[in-house]
Amino acid sequence: MATLGRITASAACMGLSGNLFKTLPSSLGLLTINTLVKMENKRPSSDMAKFREIYKKAKHVVALTGAGVSAESGVPTFRGAGGFWRTWQAQDLASPVAFHRNPSLVWEFYHYRREVMQSKNPNPAHLALAVAEKHLEAEGRRLVVITQNIDELHRKAGSEKIIELHGSLFRTQCTKCGEVKANTDSPICEALAGKGAPDPKAEDARIPESELPRCKSCSGLLRPDVVWFGEGLDPEVLEKAGTELDSCDLCLVVGTSSVVYPAAMFAPQVAARGVPVAEFNLETTPATDSFGFHFEGPCGSTLPTAITL
């Protein structure tokens, strides 16, 4: 995943995403959420029986998942009030600038996030999607998860058809040779053992760069293989997501706030071409009124009811 080959997500947010959508099928044209919502005059339905009838007939299902699914497994999201690691918010650390300025601090943050995941497990929403994928596959149908999450809980739950828009906590990318590799080492390097405590009073470890995670191929400094603020999404990943979205006949929006671009535009664009879209979330979002269905409540309760046959 070469950083230089990425297209900036911020451009999509500003409506400057011509290049971005050249990587997506033509039916996913540039429409803002506000435009799409205005196209839909009626409120979404919460009729579970009606939704289940549509689901039973669907041949190609895409599930778009976000932080809300992970939060139900107890995964820190570092969003909203109290969303701090020590005295830092995620956007203060999850950027190329922050990594260049203080790679030790950034690696402490990501080491903490990796270690936390050892005690976190998939919740009923993750498990329901994994079971549904296998059930549909046995019937010659298809279910694909497109996730904004980087914690790999979908994989841990047993899902196999997964597109990770923002990368993974458990892959590294070499800043020198560009090599991307899976890495589940705990700790990821000896110097980080016992480091990364989220306590605001904890002192920064100030680990020398030479002792931070290094590439086994060229000894270059490693970074987490995740998409940081100020970076764009991998065009190949976007193209895969676009292909799935362009051909699906049912879309599930699960635990996402619909405010992070370009993913926030995916489901409204699918709805705009007449495909049923069902949102499962704790609350309404800016995109809710463009969808056919909205099921309010914990995803771990509403989603299994909807897709378990």
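Relevant structure appears above.
Residues numbered from 1 in each chain as written. Predicted model: local features only at pLDDT ≥ 70, side-chain atom pairs only at ≥ 80, totals over all residues. Heavy atoms only, no water.

**Student:** Please set out unusual backbone geometry residue by residue, giving values where relevant.
**Tutor:** Of note, the bond from Ser186 into Pro187 is cis; its omega dihedral lies within 30 degrees of zero at 0°. Counting through the fold element by element, Pro187 comes out in the loop between strand 8 (180-182) and strand 9 (222-226). A cis amide bond links Tyr261 to the next residue, Pro262, at an omega of 5°. Relative to the assigned elements, Pro262 resides in the loop between strand 11 (250-254) and helix 12 (263-272). Not every positive phi belongs to a glycine, and Arg86 is a case in point at roughly 55°. For Arg206, which is not glycine, the phi torsion reads 50° and is therefore positive. (Helix = DSSP H or I, 4+ residues; strand = E, 2+ residues; numbered from the N terminus.)

**Student:** Residue-level account of the packing of helix 4 (residues 48-57) against helix 13 (residues 299-307), with values.
**Tutor:** Interaxial distance between helix 4 and helix 13 falls to 8 Å at its minimum, and their mutual angle equals 55°. Considering their axes alone, helix 4 and helix 13 lie oblique with respect to each other. Listed contacts from helix 13 to Met48, Phe51, Arg52 and Tyr55 of helix 4 are Thr302, Thr305, Ala306 and Ile307. (Axes fitted to C-alpha atoms, helices over the stretch in contact; angles between N-to-C directions. Parallel < 35°, antiparallel > 145°, perpendicular 65-115°, else oblique. Contact = heavy atoms within 4.5 Å.)

**Student:** Quick rundown of the sheet that holds strand 9? Include the residues and the values.
**Tutor:** Strand order in this open sheet of three strands is 8-7-9, and the pairing throughout is antiparallel. Looking at which strands have only one partner, the edges of the open sheet turn out to be strand 8 and strand 9. On average, each strand axis in the sheet is inclined to that of its neighbour by 45°, with strand direction left out of account. (Pairing = 2+ DSSP bridges.)

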